[in-house]
Amino acid sequence: MTTRTLPAVPAPASISPELLKQHSLTAEEYARIEKALDRTPSLTELGIYSVMWSEHCSYKSSRVHLRRLPTRGERTTGPGSVVQGPGENAGIIDIGDGWACAFKIESHNHPSYIEPFQGATTGVGGILRDIFTMGARPLAVMDSLRFGPLSTEDGESDPALVRKNHQIVEGVVAGVAHYGNCFGVPNLGGETRFEPCYSGNPLVNAFALGLVKKDEIFYAKASGVGNPVIYVGAKTGRDGIHGATMASEEFKEGSEQKRPNVQVGDPFMEKLLLEACLEAMQTGAVVGIQDMGAAGLTCSTCEMGGRGGVGLDVELDKVPQRETGMSGYEIMLSESQERMLLVAEKGREDEVLRVFERWGLDGVIVGEVIAEPHMRIRQHGELIANIPNQSLTDDAPLYHRPVGTWKAPVPLDPPAEVVEALRQPRDYTADLKQLLASSNICSKRWVFEQYDSMVQTNTVQGPGGEAGVMRVKGSGTPGHERGLAMALDGNGRWCYLDPKQGAKLAVAEAARKVACTGAVPVAATNCLNFGNPEKPEIMAQLSAAIDGIAEACTALGTPITGGNVSLYNETKGEGIYPTPVIGVVGILEDASKSVPANFAHPGDVLLLIDGGEQLGCWKHFGTSEYARVVMDSMWGTPYPLDLEAEAELHRRLAALTNAGLVHAACDVSDGGLAVALAEACFAHGTGVDVHFSGYAGFPSYTRLFAEEPTRVVIACSREEVSRIQQIFSGSSPGVWPIGTVTNGSFRIRMDESKEIAPGEYTKAETATVIETTISELKAAWSGALQSALSVDTVTA
């Protein structure tokens, strides 16, 4: 591209308050723009600043708090060490044998409310591009989904919202399945939850993980003055314009009219783009590469230049377009999918272009790298934007928004009617069936059976277990390859009741699920879903949750390698529960030793590993699914967490796996011990005979249904019990035999005693509190979600 004198950038006739409002820019932010440019911006420049300074792209409300997260762990070299932390398209960790894995979680919440199918598909497509932009081949995806209730009996009183929730659930799940299945990446599950606060704001958080050789990692960094800038992939259209800005606002009346802001995805195009990009990288001619995600060509142009300390000069007339008459403003702000921007070594651009031609994709030189660190955009012979990269990235607004004082939203003590109901004799078998059929605990098979979980033939454990497990072909020895375990977790209700404690518990549970497979948790990614940051009470939630994540990740040795913040999750002023979702990745030395979550061997002994001390505490039991579903109430605060005991549990579980002592391991979480035991039996039609003799002075419902952390049930052969007890001797958590695996009967007995005076109890007597068959329990659990979706919502 020849150098020539730059003409002045044309400015609009006036920048009115209404025009700034349309671009979600404040008067103060506009003043900063004029100062950065030393002139009035053009309309295209105004649009560029609008998207790059949006909450979605700039993190202007959260950056000051995110700095408190740990981004490096104690592992400085070798497997588990961080290769790339926050600031790139994805985080990367070393997994040994010359391999590394790239992983990240991101949200696509706002688009999925407006257009559920396309919002979900493009969420999956975007996170996959983040992975292969780093040079990694996607190995697996997972998703964390939250929706409003599917019936008026589940906490949502408005039939119209119930109908909308049905549409969103069906559209989102179909969209996730469509993109992943067509692209050819296994979906290992994740989590799906329902609460009334998500009726107007569903959460669609997509996680992806890929493999790359440590010496073949690529970065989104431009370098080499004179190197050509190449646009590759799909053509640019008008879909997704101002998508990033839309994702930085709360929903109001008429928000559904923003469908043009939702991108449209093509998974088959993305599969071609993946193969072409990886092949082009192998030529050695690619210097840097960035996907065009949020803010499209704008973001990739300024961020690549910004990271490299150089500029990019781009000619929009050369950009492949699928619609006629597109303005420079539209081309720069389009978020059309399946597009990449790369920088090639000068003189070798034809090598790159031939690769994309062979795959049937557009590959066009649209500009060059320049020394001046500016984004220069031309169209029709005119310079329509000339912006310092730093003003769009590092110098974007950084707000220290007021952080309010967090206040407990519910009483610490239960309502009197709940206390009275719990004191009465109860049918705990009926209570267990009700819990198993409830929306947050029931089988999610209807969701994950739509996903292909086995494509690529690397899946060791797929949906339905504690965590997904994948083998790393080419590592270790044949039949004993290394493995990667991954899990997602979050509990918005706990974070609503105590943001810091709820966030700590989310980190611990995601790591515990990974540890149950025998893997060592080594790193984490987070997706922070919160309401309007302009409200001090929301900032209080966000700040406290970040502190909780930082404390737990530091203690458990799982540094944050990247993630996403999604704010303004509000509709008509009503916000969601604060919902940090945590993704944890762990390493297995031998994937063939991974431990499943299901009891498969009748006669196995069941051992309860328990690191908690608050099982019978009233104020914590009110945060459980039992309180929500059976008592239709909520009170108290989440259970406390002993992070030292939690970390020790993870270490001991890995030791048990390496020694080959465990047949199955399941986390005790939603619904408590009784639910965990039942769910572990469903896959193989086994049952349990449990005699729970501990905590005789506590009520049966707390021992059955409390959700205290740091608890796992393992199944092993009788011969290995003493070895396992020896491994746990002298430590917290401790381990106790509680029963055996049976052929299909399900019985739980407990030693019960009554309080006759403060601190004085009668002699404990054994009572059967639950007795049924696993087939009866499975009938309640297996079809509940599908039945809820098949209900005629017009009359619901």
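Residues numbered from 1 in each chain as written. Predicted model: local features only at pLDDT ≥ 70, side-chain atom pairs only at ≥ 80, totals over all residues. Heavy atoms only, no water.

### Brief notes about the pattern of salt bridges
Then, number 1: Tallied over the entire structure, the rule returns 44 salt bridges.
Then, number 2: Among the salt bridges present, the one from Arg628 reaches Asp154, with a minimum N-O distance of 3.8 Å. Of this pair, Arg628 sits in helix 22 (residues 625–629) while Asp154 sits in the loop between strand 4 (137–147) and helix 8 (159–183), placing them 474 residues apart in sequence.
Then, number 3: What makes Arg628 buried here is its relative accessible area of 15%.
Then, number 4: According to the relative accessible area criterion, Asp154 is partly exposed, its value standing at 23%.
Then, number 5: Two residues, Arg482 and Glu589, come together in a salt bridge whose shortest N-O distance is 3.1 Å. Pair noted here: Arg482 is in the loop between strand 15 (468–471) and strand 16 (483–489) and Glu589 is in the loop between strand 21 (579–588) and strand 22 (605–610), with a separation of 107 residues, a long-range link.
Then, number 6: In this structure Arg482 comes out as buried when scored by relative accessible area, which is 11%.
Then, number 7: Residues joined in a network through salt bridges with shared partners are Glu466, Glu509, Arg512, Lys513, Glu646 and Asp667. (Salt bridge = Lys/Arg side-chain N within 4 Å of Asp/Glu carboxyl O. Helix = DSSP H or I, 4+ residues; strand = E, 2+ residues; numbered from the N terminus. Buried < 20%, exposed > 50% of the residue type's maximum accessible area, 1.4 Å probe, protein only.)

### Let's talk about the environment of Ser300
Then, number 1: For Ser300, the position within the fold is in helix 11 (residues 296–308).
Then, number 2: Assessed through its relative accessible area of 0%, Ser300 is described here as buried.
Then, number 3: Considering only alpha carbons, one finds Ser300 and Gly603, 303 residues apart in sequence, at a separation of 59 Å.
Then, number 4: Here Ser300 is in contact with Gln290, Asp291, Met292 and Leu341, once residues within four sequence places are set aside.
Then, number 5: A polar contact is formed between the side chain of Ser300 and the backbone oxygen of Leu297, at a distance of 3.2 Å. (Contact = heavy atoms within 4.5 Å. Polar contact = N/O pair within 3.5 Å; in protein donor to acceptor, adjacent residues only side chain to side chain.)

### Thoughts on unusual backbone geometry
Then, number 1: For Tyr59, which is not glycine, the phi torsion reads 55° and is therefore positive.
Then, number 2: Mapped onto the elements, Tyr59 comes out in the loop between helix 4 (55–58) and helix 5 (63–66).
Then, number 3: Note on Tyr59: relative accessible area 18%, which makes it buried.
Then, number 4: Even without glycine at this site, Ala295 takes up a positive phi of about 70°.
Then, number 5: Judged by its relative accessible area of 0%, Ala295 is buried.

### Description of the sheet that holds strand 8 (residues 286–291)
Then, number 1: The seven strands are arranged 8-10-7-11-9-12-13 in an open sheet whose pairing can be described as mixed. At either end of the open sheet lies a strand with only one pairing partner, and these are strand 8 and strand 13 (382–388). Each strand axis lies, on average, 25° off the axis of its neighbour in the sheet, ignoring direction. (Pairing = 2+ DSSP bridges. Axes fitted to C-alpha atoms, helices over the stretch in contact; angles between N-to-C directions.)

### A word on the environment of Ala295
Then, number 1: Inspection of the secondary structure assignment puts Ala295 in the loop between strand 8 and helix 11.
Then, number 2: Sequence separation of Ala295 and Leu488 is 193 residues, and the distance between their C-alpha atoms is 27 Å.

### Observations concerning empty space enclosed by the protein
Then, number 1: In total, this model carries three cavities of 30 Å³ or more according to the counting rule given.
Then, number 2: Each pocket or cavity is described by its volume, and for the largest cavity that value is around 50 Å³.
Then, number 3: By residue number, the principal contributor to the lining of the largest cavity is helix 19 (residues 499–516), which donates three residues.
Then, number 4: Within the lining of the largest cavity, the residues separate by chemical class into four nonpolar, one polar and four charged. (1 Å grid on protein atoms, 1.4 Å probe; cavity = no way out; pocket = protein on both sides within 12 Å on 5 of 7 lines; lining within 4 Å. Points joined across faces, edges and corners; volume = space filled by probe spheres on them. Nonpolar A, V, L, I, M, F, W, Y, C, P; charged D, E, K, R; others polar.)

### A look at the side chain of Lys444
Then, number 1: The residue Lys444 is located in the loop between helix 16 (428–436) and helix 17 (445–448) in this model.
Then, number 2: Within the local environment of Lys444, its side chain forms a polar contact with the backbone oxygen of Ser439, the two atoms lying 3.0 Å apart.
Then, number 3: Looking at Lys444, its side chain comes within polar contact range of the main-chain oxygen of Asn440, at 3.4 Å.
Then, number 4: The residues touching Lys444, leaving out its near neighbours within four places in the chain, are Thr192, Phe194, Ser439 and Leu785.

### Observations concerning the confidence of the model for the chain
Then, number 1: With 93% of its residues at a pLDDT of 70 or more, the chain shows a mean pLDDT of 92.
Then, number 2: Per-residue pLDDT stays below 50 along residues 1–5; that stretch engages in seven contacts with residues further than four places along the chain or on separate chains.
Then, number 3: Every residue in residues 255–259 is under pLDDT 50, and counting partners more than four places away or in other chains gives nine contacts. (pLDDT = per-residue confidence, 0-100.)

### Overview of the sheet that holds strand 17 (residues 520–529)
Then, number 1: Spatially, 14-15-16-21-17-18 is the arrangement adopted by the six strands of the open sheet, whose pairing is mixed. Looking at strand neighbours, the two that pair on one side only are strand 14 (459–461) and strand 18 (560–566), the edges of this open sheet. For this sheet, the mean angle separating the axes of adjacent strands, direction not counted, is 20°.
Then, number 2: Summarising the sheet, strand 16 and strand 21 pair through seven bridges and their orientation is antiparallel. Residue pairing in the sheet places Leu484 in a bridge with Ile587 of strand 21.
Then, number 3: Packed onto the sheet, helix 19 meets strand 16, strand 17 and strand 21 and runs at close to 30° relative to strand 21.

### Digging into the packing of helix 10 (residues 267–282) against helix 13 (residues 349–358)
Then, number 1: Interhelical geometry of helix 10 versus helix 13 gives an angle of 155° and a closest axis separation of 9 Å. Between helix 10 and helix 13, the interaxial angle falls into the category roughly antiparallel. Judged by the sense of rotation from one axis to the other, the crossing of helix 10 with helix 13 is right-handed. Along the contact surface, helix 10 presents Leu273, Ala276, Cys277, Glu279 and Ala280, while helix 13 presents Val352, Val355, Phe356 and Arg358. (Parallel < 35°, antiparallel > 145°, perpendicular 65-115°, else oblique. Left-handed = near helix turned anticlockwise from the far one by under 90°.)

### Structural notes on helix 26 (residues 721–728)
Then, number 1: Of the positions making up helix 26, those classed as buried are Val721, Ile724 and Phe728. For helix 26, the angular spread of buried residues about the axis comes to 65°, placing them on one side.
Then, number 2: Where helix 26 is buried, its residues meet strand 22, helix 23 (643–658), strand 25 (711–716) and strand 26 (734–742).
Then, number 3: Backbone geometry just after helix 26 places Gly730 at a positive phi near 75°. (Arc of directions from axis to C-beta.)

### Some details on the packing of aromatic side chains
Then, number 1: In the structure shown here, the tally under the stated rule is 10 aromatic pairs.
Then, number 2: With a centroid separation of 5.6 Å and an interplanar angle of 45°, the aromatic rings of Phe621 and Tyr626 are classed as tilted.
Then, number 3: Residue class for Phe621 comes out buried when judged on its relative accessible area of 1%.
Then, number 4: Relative to Tyr701, the ring of Phe621 lies with its centre 5.3 Å away and its plane at 50°, an arrangement referred to as tilted. On the criterion of sequence distance, the pair formed by Phe621 in helix 21 (residues 618–621) and Tyr701 in helix 25 (residues 700–705) is long-range, its members being 80 residues apart. This pair shows no difference in class: Phe621 is buried, exactly as Tyr701 is.
Then, number 5: These aromatic residues form a ring-pair network of at least three members: Tyr428, Phe621, Tyr626, Tyr701 and Phe705.
Then, number 6: In this structure, Lys164 packs its charged tip against the face of Tyr113, placed 5.0 Å from the ring centre.
Then, number 7: The lysine or arginine in question, Lys271, covers the ring of Phe183, its NZ or CZ lying 6.0 Å from the ring centre. (Phe/Tyr/Trp six-rings, centres within 6.5 Å; stacked < 30°, edge-to-face > 60°. Lys NZ or Arg CZ within 6 Å of the ring centre and 35° of its normal.)

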